[in-house]
Each structure stands twice: as C-alpha cells, then as structure tokens.
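What follows is each chain in one-letter form.
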Amino acid sequence: MAALREARRILKTGGLVFAVGISRFASTLDGLVQGYLDDPEFALDCSTGFS
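A.B. asks: How should I be thinking about the overall build of the protein chain in this particular structure?
C.D. replies: Each helix and strand counted, the protein chain has three helices and zero strands in total. In sequence order, the protein chain lays out its α and β elements as α-α-α. Here the C-alpha atoms of the protein chain give a radius of gyration of 18 Å, more than 25% beyond the 10 Å that 2.2 N^0.38 yields for 51 residues. Along the first, second and third principal axes, the C-alpha atoms of the protein chain reach 50 × 20 × 10 Å. Each of the 51 residues in the protein chain was classed as buried or not, and the buried ones make up 6%.

Set out below in structure tokens:
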C-alpha cells in the first residue's frame, strides 16, 4: 500500500498507475493447475507455508 501511496503522490494529473498484486496462495493455486501437488516436496511446502 505504501508503494501505491507514493505512486499517487508523484503521479502527474491525469496520469495512470499500473499495479499488480500476488496472492500468498499463488504458488498453491499454480500447483493445483499444473498438477504439482503430486510432488510430495511441493505439497509439503504448500502445507507448511514454505518454512
């Protein structure tokens, strides 16, 4: 959020800001789509939060 506030602060009038966010679940969702959850190491990382 701090980055968006800074972008707004320095943006010229009428300017555009392009922003992207990555969910904390992105890796797990990708694993579901790609079939990586069959890999025991990947499944363990997802269940333990990559610790």
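Here the narrative resumes.
A.B. asks: Is there a simple way to think about the environment of glutamine 34 in this case?
C.D. replies: Position of glutamine 34 relative to the elements: it lies in helix α2 (residues 26-34). Expressed as a C-alpha distance, the spacing of glutamine 34 and methionine 1, which sit 33 residues apart in the sequence, is 31 Å.

A.B. asks: How should the packing of aromatic side chains be read in this particular structure?
C.D. replies: How two aromatic rings sit relative to each other is given by the distance of their centres and the angle of their planes. Summed over all chains, the structure comprises one aromatic pair. An angle of 65 degrees between the planes, with centres 5.8 Å apart, marks the rings of tyrosine 36 and phenylalanine 42 as edge-to-face. Here phenylalanine 42 falls in the buried class, since its relative accessible area comes to 15%.

A.B. asks: In this structure, what is going on with a nonpolar patch on the surface? I would like to understand it.
C.D. replies: Side chains of Phe25, Leu29, Leu32, Val33 and Leu37 sit close together on the surface and give an oily, nonpolar patch of about 500 Å² of accessible area. One can find valine 33 in helix α2.

A.B. asks: Looking at this model, I keep getting lost on the environment of alanine 43. Mind explaining?
C.D. replies: With respect to the element layout, alanine 43 can be found in helix α3 (residues 40-48). By relative accessible area, alanine 43 is classed as partly exposed at 27%. Along the backbone, alanine 43 and alanine 2 are 41 residues apart, and their C-alpha atoms lie at a distance of 33 Å.

A.B. asks: Got a minute to help me understand the environment of phenylalanine 18 in this structure?
C.D. replies: Residue placement: phenylalanine 18 occurs in the loop between α1 (2-10) and α2. In this structure phenylalanine 18 comes out as exposed when scored by relative accessible area, which is 76%.

Rules of the game
- As a convention, each chain's residues are numbered from 1 in the sequence order in which they are written.
- Where local features are concerned, this predicted model is filtered to residues with pLDDT of at least 70; where side-chain atom pairs are given and counted, the filter is 80 or more; whole-chain, interface and lining totals use all residues.
- Where side-chain values are given, they derive from all heavy atoms of the structure, hydrogens and water being excluded.
- A run of DSSP states H or I qualifies as a helix once it reaches four residues; a run of E qualifies as a strand once it reaches two. Both are numbered from the N-terminal end.
- A radius of gyration in this sense is built from C-alpha atoms; the matching globule rule multiplies 2.2 Å by the number of residues raised to 0.38.
- Here the term buried applies to any residue with accessible area under 20% of the maximum for its type, exposed to any over 50%, and partly exposed to those in between, with areas from a 1.4 Å probe on protein chains only.
- Centre distance within 6.5 Å is the pairing criterion for rings of Phe, Tyr and Trp, where only the six-membered ring of Trp is used; planes under 30 degrees apart are then read as stacked, over 60 as edge-to-face, and the remainder as tilted.
- Every patch collects residues that have over 30% relative accessible area and no salt bridge, joining them within 9 Å if they carry like charges and within 5 Å if they are nonpolar side chains (Val, Leu, Ile, Met, Phe, Trp, Tyr).
- In this description, accessible areas are obtained by the Shrake-Rupley approach with a 1.4 Å probe, and a residue is regarded as covered only by the protein chains that are shown.
- The term salt bridge refers to a pairing of a side-chain nitrogen on Lys or Arg with a carboxyl oxygen on Asp or Glu at a separation within 4 Å.

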